[in-house]
Amino acid sequence: AEKRAGSPGWEQLPTSHQDPGPDDAERLAAPDFDDSDWALQSMPSGYSQNIFRRSDGVFWVRRKVTIPESWIGQPLELRLARIRQTDIAFVNGHEVGRSAGENPHYVQRNYTVPAEQVDTTELTIAVRIFDPGGLGGVFGSPAAMYIQPKGNADERISLAGPWRLLNHMAMSPD
């Protein structure tokens, strides 16, 4: 496999197509990590449609969001539409959820951010996505991507729109 332009941190995955694990998660999920050289991608949509020729491997998507001060100390609902294939979601560097099961790409991602992790108005949402083959991405309605105080849809903030995207580890076809 060849290095893809604009993909710092790129590594080739073994052709067994097994998830190598989130070895770099602490650094890439940290709120102070500089993702300014990552590509921009509108979400929800498949990333292979716009940025990369193939969508096989490990991807990271990140977005910063400002929440009202009144949300500090409250649990939040994080909704990330449907992700192809598996994911681990982080808010300000803390894992808040991960997909599991036989067909996780058909399931809406619904995660809770614990109240004790909501200690600032500036949140960085980072999601590590592993897609072993086929069209990868974040799919579904823009209305299915948001953050809000738990049980309070009146204060919902949409997360649809531009996210930073990194093709962190690419797979070569078998």
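Just so it is clear, the model here is predicted, and its values are computed rather than measured.

## Topic: the overall build of the protein
So, step 1. When helices and strands are counted, the protein shows 1 helix and 12 strands.
So, step 2. At a minimum sequence separation of 6, the contacts of the protein that also span at least 24 residues come to 81%.
So, step 3. Accessible surface, the protein: about 8,000 Å² in total, of which carbon and sulfur atoms supply 49%.

## A closer look at the confidence of the model for the protein
When pLDDT drops low, the exact placement of atoms in the prediction is not to be read closely.
So, step 1. Confidence along the protein averages 80 in pLDDT terms, with 71% of residues attaining 70 or more.
So, step 2. Within the protein, the lowest mean pLDDT, 42, falls on strand 1 (residues 11-13), and the highest, 98, falls on strand 11 (residues 157-158).
So, step 3. Long-range and interchain partners of residues 1-17, a stretch whose pLDDT sits below 50, account for 41 contacts in this model, where long-range means more than four residues apart.

## Points about the packing of aromatic side chains
So, step 1. Enumeration over the complete set of coordinates arrives at 2 aromatic pairs.
So, step 2. Taken together, a centroid distance of 5.6 Å and an interplanar angle of 55° make the contact between Phe 33 and Trp 38 tilted. Here Phe 33 matches Trp 38 in class, with each residue buried.
So, step 3. The aromatic ring of Tyr 146 is capped on one face by Arg 156, whose charged end is 3.6 Å from the ring centroid.

How each quantity is defined
- Counting starts from 1 at the beginning of each chain's written sequence and moves along it residue by residue.
- Per-residue local features are limited, in this predicted model, to residues with pLDDT of at least 70; the limit for side-chain atom pairs, both in listing and counting, is 80 or more; totals at the level of whole chains, interfaces and linings are taken over all residues.
- Heavy atoms from the whole structure form the basis of all side-chain values; hydrogens and water molecules are not counted.
- A run of H or I in DSSP counts as a helix once it spans at least four residues, and a run of E counts as a strand once it spans at least two, with each numbered from the N terminus.
- Contacts are assigned to residue pairs that have any heavy atoms within 4.5 Å of one another.
- Residue burial considers only the protein chains on display, and all accessible areas are found by Shrake-Rupley using a 1.4 Å probe.
- Every residue is assigned a pLDDT by the predictor, reflecting its confidence on a scale from 0 to 100.
- Think of it this way: a Phe, Tyr or Trp ring, Trp meaning its six-membered ring, pairs with another when their centres are within 6.5 Å, and the plane angle makes it stacked under 30 degrees, edge-to-face over 60, tilted otherwise.
- Burial classes: relative accessible area under 20% of the type maximum marks a residue as buried, over 50% as exposed, and values in between as partly exposed (1.4 Å probe, protein chains only).
- Put simply, a charge is over a ring when the Lys NZ or the Arg CZ is close to the ring centre, within 6 Å, and near the line of the ring normal, within 35 degrees.

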